[in-house]
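Report on the structure
Now for the letters of each chain:
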Amino acid sequence: MRILAIDTATSSCSVALWSNGRIISSHSEKMFRGQAEVLVPTIRSVMEKAEISAHNLDLLATTIGPGAFTGIRIGLATTRGIALVAGVPCIGLTTTEAIAHAITKTTWQQGTLLVALD
């Protein structure tokens, strides 16, 4: 399974390509504005580094908030556009779900997990 994941909802522009249980290519850049200008070149770079085309993806994922409204729109529009052209399904995940999923069993003890964003 190959998944291209995009996050523009927070104060960064992040793209990662996940394949068979691990991240094989990624890039993240802190930025409060300007995601529209760097997102597509970043996606291209991540995909080229992994030597995978959009048509070889199984799924596209993007964050849908909470976060900056403009950043969310940029991520959603770009993800949907790629999905339509490549014929690949896409999903939206909340920003807090994406952050919580990154927590490993070695860093978290059993109990309640609270994810907060600045």
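What you are looking at is a predicted structure, and each value in this text was computed from that prediction instead of being measured. (Residues numbered from 1 in each chain as written. Predicted model: local features only at pLDDT ≥ 70, side-chain atom pairs only at ≥ 80, totals over all residues. Heavy atoms only, no water.)

1. Regarding the pairing of strand β1 (residues 2-7)
As a general feature of sheets, a regular strand has side chains that alternate between the two faces. Of the strand pairs in this sheet, β1 and strand β2 (residues 12-19) are connected by 6 bridges, and their pairing is antiparallel. Bridging from a neighbouring strand, Ile3 pairs with Trp18 of β2. The pairing of β1 with strand β4 (residues 59-63) spans 4 bridges and is classified as parallel. When the bridges of β4 are listed, Ala5 appears paired with Ala61. (Pairing = 2+ DSSP bridges. Helix = DSSP H or I, 4+ residues; strand = E, 2+ residues; numbered from the N terminus.)

2. Some thoughts on the sheet that holds β4
Paired through backbone hydrogen bonds, the strands of a sheet run either parallel or antiparallel to each other. With mixed pairing, the 5 strands of this open sheet are ordered in space as β3-β2-β1-β4-β5. On the outer flanks of this sheet lie β3 (22-30) and β5 (90-93), each paired with one strand and no other. In this sheet, adjacent strand axes meet at a mean angle of 15° when their direction is disregarded. Together, β1, β2 and β3 form the strand contacts of helix α1 (residues 35-50), whose direction differs from that of β2 by roughly 25°. (Axes fitted to C-alpha atoms, helices over the stretch in contact; angles between N-to-C directions. Contact = heavy atoms within 4.5 Å.)

3. Some points on the nonpolar core
Counting residues in hydrophobic clusters, the biggest one holds 18 residues, and the most contacted among them are Leu4, Val15, Leu17, Leu39, Ile43, Met47 and Leu57. Elements supplying a minimum of two residues to this core: β1, β2, α1 and α2 (69-86). If sequence neighbours within four positions are ignored, Leu4 has contacts with Val15, Ala16, Leu17, Ile43, Met47, Leu57, Leu59, Leu60 and Ala61. (Core = buried A, V, L, I, M, F, W, Y, C linked by side-chain atoms within 4.5 Å. Buried < 20%, exposed > 50% of the residue type's maximum accessible area, 1.4 Å probe, protein only.)

4. A look at α2
Between its terminal C-alpha atoms α2 stretches 26 Å, which fits the 26 Å expected from 18 residues at 1.5 Å a residue. Buried within α2 are the following residues: Gly71, Ile72, Ile74, Gly75, Thr78, Thr79, Ala83 and Ala86. Down the axis of α2, the buried side of the element spans an arc of 160°, and every buried residue falls inside it. Those residues of α2 that are exposed and angled more than 90 degrees off the buried face are Phe69, Ala77, Leu84 and Val85. In this structure, the buried side of α2 is in contact with β1, α1, β4 and β5. Downstream of α2 by a residue or two, Gly87 has a phi angle that is positive, lying close to 70°. (Expected span 1.5 Å × (residues − 1). Arc of directions from axis to C-beta.)

5. Observations concerning a nonpolar patch on the surface
A surface patch of nonpolar side chains, about 310 Å² in accessible area, is lined by Met1, Trp18 and Ile23. Overall, the relative accessible area of 33% leaves Trp18 in the partly exposed class. (Patch = residues over 30% accessible without salt bridge, like charges linked within 9 Å, V, L, I, M, F, W, Y side chains within 5 Å. Areas by Shrake-Rupley, 256 points an atom, 1.4 Å probe, with all protein chains shown as cover. Salt bridge = Lys/Arg side-chain N within 4 Å of Asp/Glu carboxyl O.)

6. Comments concerning unusual backbone geometry
Along the chain, Gly65 connects to Pro66 via a cis peptide bond; the corresponding omega equals 5°. One non-glycine residue, Asn20, adopts positive backbone phi at about 50°. Note on placement: Asn20 falls in the loop between β2 and β3. Residue class for Asn20 comes out exposed when judged on its relative accessible area of 65%. The backbone of Glu51 sits at a positive phi, close to 55°, despite the residue not being glycine. By secondary structure assignment, the location of Glu51 is in the loop between α1 and β4. Assessed through its relative accessible area of 73%, Glu51 is described here as exposed.

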